[in-house]
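Observations on chain architecture
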Amino acid sequence: MKLTFWLSLFVVFYTFMGYGILLYLIIKLRRLIKGKRATVTPLNNLLPQCTLVVAAYNEEHFIAEKIKNCLELKYPQGKLKFLIITDGSTDKTVEIVRRYPQIQLLHQDTRAGKIAAVHRAMEFVDTEIVVFTDANTFLNPDAIINICRHYTDETVGAVAGEKRVHIDENADASAAGEGFYWKYESALKKWDSELYSVVGAAGELFSVRRSLYRDVEPDTVLDDFMISMLIALQGYRIVYEPQAYALETASENVTEELKRKIRIAAGGIQSILRLKSLFNPFRYPVLSFQYISHRVLRWTVTPFLLILVFVLNVLLALRPEDIFFKVILVGEVFFYVLALTGFIMEKRQIRIKVLFIPYYFCVMNYAVLMGIIRFFTKKQSAMWEKAQRKQ
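Here's what I pulled together on the structure shown here. (Residues numbered from 1 in each chain as written. Predicted model: local features only at pLDDT ≥ 70, side-chain atom pairs only at ≥ 80, totals over all residues. Heavy atoms only, no water.)

1. What to know about the environment of Leu305
Summarising the element assignment, Leu305 is placed in helix H10 (residues 302-317). Separated by 293 residues in sequence, Leu305 and Val12 place their C-alpha atoms 6.9 Å apart. Not counting the four nearest positions on each side in its chain, Leu305 is found in contact with Ser8, Val11 and Val12. (Helix = DSSP H or I, 4+ residues; strand = E, 2+ residues; numbered from the N terminus. Contact = heavy atoms within 4.5 Å.)

Now the structure itself:
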């Protein structure tokens, strides 16, 4: 029982903290031996032709500002195209896009889901590089330049931008937790990229070489993750570029954030089943290590191990001679009491920042459990109603 407890606790710690510590140490060692990876800064005339693709569904509240943001992006004259695809929109999104002749609009009345829209859009992309971004996110002016400069390196097949969550001083647990989570994720991605490759890209902002793009299956839930990982499977690196970022507001509340996290968790299980070759460390030695450490453990066993650790801790603490396990149990109970208090305070709209992290941590792991159940009960569709964001 003790052995199972310690092994389970180690996996939990490694998943959320240990991998980050190990990765940091490996990067430090790599820099001592090989130096830091150089960033190429090509001249404007060497930057490739690029198409910015935005898949929008009922985005009338954001689309005008999104277009304004796109048209203000810095890039060599004549080398950047804009394409917005709006399958099934029933609001004023299409009407608004048609006001801008600089934007190529692809619209059909039937809604087939985001990935079907992306597949259709790719038929019209004839540039060397394609950049994907969400309709409700806003890019920094140099984002496309900072992304495309990496493609002078022939080993790079995709570039992932950074997701930044706008947090105001009155942020609730959902917003503050999400913001903290993405700051930590960004650090891991920087180190992953420097070691070898980022493990997948987020749809808020990422790009690929057009020649390496492969259609994913139409029922794919995490299309951005799968598109980028299929490029990694071809032997190319996914680079992380924090100087190209997409800014978005946090989820409207914890319920909306939970909806998003459950979908991601269901899609994570689907992705793991479709990327089985990545479990072969002989074929992908570094990428397999990164993939299992950064993604697989979070999306599979760790939430169950959290429950197992608590149950085993209770059983071990009942033994009179195991004082040490009583101390650990007190720490566990205290952590979950903080999370529960955070839940209660959130319901009463009382903001206590020290409670945000344990509360959000529990919400994340609960979402993984629900996502696994949803996937295996076949209740997760590739089409979904997006989580509501703060205006």
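2. A short note on the state of the cysteines
In the structure shown here, the tally under the stated rule is zero disulfides. Cys70 takes part in no disulfide bond, and the closest cysteine sulfur, belonging to Cys50, lies 11 Å away. Between Cys148, a cysteine without a disulfide, and Cys50, which holds the nearest cysteine sulfur, the sulfur-to-sulfur distance is 4.0 Å. (Disulfide = S-S within 2.5 Å.)

3. Let's talk about the packing of helix H7 (residues 223-232) against helix H9 (residues 285-299)
Where H7 contacts H9, the two axes come as close as 13 Å, and the packing angle between them is 160°. Taken together, H7 and H9 sit at an angle that is classed as roughly antiparallel. The way H7 lies across H9 gives a crossing that is left-handed. Residues Phe225, Met229 and Ala232 of H7 form the contact with H9, whose participating residues are Leu287, Tyr291, Arg295 and Trp299. Broken down by class, the residue content of the contact of H7 with H9 amounts to six nonpolar, no polar and one charged. (Axes fitted to C-alpha atoms, helices over the stretch in contact; angles between N-to-C directions. Parallel < 35°, antiparallel > 145°, perpendicular 65-115°, else oblique. Left-handed = near helix turned anticlockwise from the far one by under 90°. Nonpolar A, V, L, I, M, F, W, Y, C, P; charged D, E, K, R; others polar.)

4. Describing the pattern of salt bridges
Counting across every chain of the model gives 20 salt bridges. A salt bridge links Asp126 to Lys81, with the nearest nitrogen and oxygen atoms 2.9 Å apart. Note that Asp126 is positioned in the loop between helix H4 (114-122) and strand E4 (129-134) and Lys81 in strand E2 (residues 80-85), a separation of 45 residues in sequence. A salt bridge links Glu185 to Arg298; the nearest nitrogen and oxygen atoms lie 2.8 Å apart. Of the two residues, Glu185 is situated in helix H6 (residues 173-195) and Arg298 in helix H9; the sequence distance between them amounts to 113 residues. Both residues of the pair, Glu185 and Arg298, count as buried. (Salt bridge = Lys/Arg side-chain N within 4 Å of Asp/Glu carboxyl O. Buried < 20%, exposed > 50% of the residue type's maximum accessible area, 1.4 Å probe, protein only.)

5. Some remarks on the nonpolar core
Of all hydrophobic cores here, the largest spans 41 residues; its most connected members are Phe132, Val208, Phe225, Met229, Leu275, Leu278 and Tyr291. Elements supplying a minimum of two residues to this core: E2, H4, E4, strand E6 (156-166), strand E7 (205-209), H7, strand E8 (237-249) and H9. The element contributing the most residues to this core is H7, with six residues. Excluding its chain neighbours within four sequence positions, the residues that come into contact with Val208 are Glu128, Ile129, Val130, Phe132, Tyr151, Gly157, Ala158, Tyr213, Ile227 and Ile231. By size, the runner-up hydrophobic cluster in this structure holds 31 residues, among which are Cys70, Phe82, Ile84 and Tyr151. (Core = buried A, V, L, I, M, F, W, Y, C linked by side-chain atoms within 4.5 Å.)

6. Here we look at helix H12 (residues 356-376)
In an α-helix, one turn spans 3.6 residues; hence positions three or four apart end up facing the same way. Taking 1.5 Å per residue as the helical rise, H12 with its 21 residues ought to reach 30 Å, and the 30 Å between its terminal C-alpha atoms agrees with that figure. With its phi angle positive at about 60°, Lys378 sits one or two positions after the end of H12. (Expected span 1.5 Å × (residues − 1).)

7. Some words on the pairing of E7
With five of five residues buried, E7 lies mostly within the body of the structure. Both faces of E7 are covered, namely the face carrying Leu205, Ser207 and Arg209 and the face carrying Phe206 and Val208. Inspection of the sheet shows E4 paired to E7 by five bridges, in the antiparallel sense. For Thr133, the partnering residue across the bridge sits in E7 and is Leu205. (Pairing = 2+ DSSP bridges.)

8. Some points on a nonpolar patch on the surface
Residues Met1, Ile307, Val311, Leu315 and Leu318 make up a contiguous nonpolar surface patch of roughly 470 Å² in combined accessible area. Its location among the elements puts Met1 in the segment before helix H1 (2-34). (Patch = residues over 30% accessible without salt bridge, like charges linked within 9 Å, V, L, I, M, F, W, Y side chains within 5 Å. Areas by Shrake-Rupley, 256 points an atom, 1.4 Å probe, with all protein chains shown as cover.)

9. Quick word on the packing of aromatic side chains
The geometry of two aromatic rings is summed up by the distance between their centres and the angle between their planes. A full pass over the atoms with the stated rule returns 19 aromatic pairs. Look at Phe5 and Phe325: their rings are 5.3 Å apart centre to centre, the planes differ by 80°, and that puts the pair in the edge-to-face class. In this pair, Phe5 is assigned in helix H1 and Phe325 in helix H11 (residues 323-347), connecting sequence segments 320 residues apart. Take Phe5: its relative accessible area is 0%, and that puts it in the buried class. The exposure class assigned to Phe325 is buried, which follows from its relative accessible area of 5%. Each ring, one from Trp6 and one from Phe325, has its centre 5.9 Å from the other, and the planes form 50°; the classification is tilted. Here Trp6, found in helix H1, pairs with Phe325, found in helix H11; they are 319 residues apart in sequence, far enough to count as distant. Among the residues examined, Trp6 registers a relative accessible area of 38% and is labelled partly exposed. By way of ring pairs, the aromatic residues Phe16, Phe310, Phe335, Tyr336 and Phe361 are connected into one cluster. The ring of Tyr57 carries the charged tip of Arg111 above its face, separated from the ring centre by 3.9 Å. A cation sits over an aromatic face here: Arg164 above Tyr245, 3.7 Å from the ring centre. (Phe/Tyr/Trp six-rings, centres within 6.5 Å; stacked < 30°, edge-to-face > 60°. Lys NZ or Arg CZ within 6 Å of the ring centre and 35° of its normal.)

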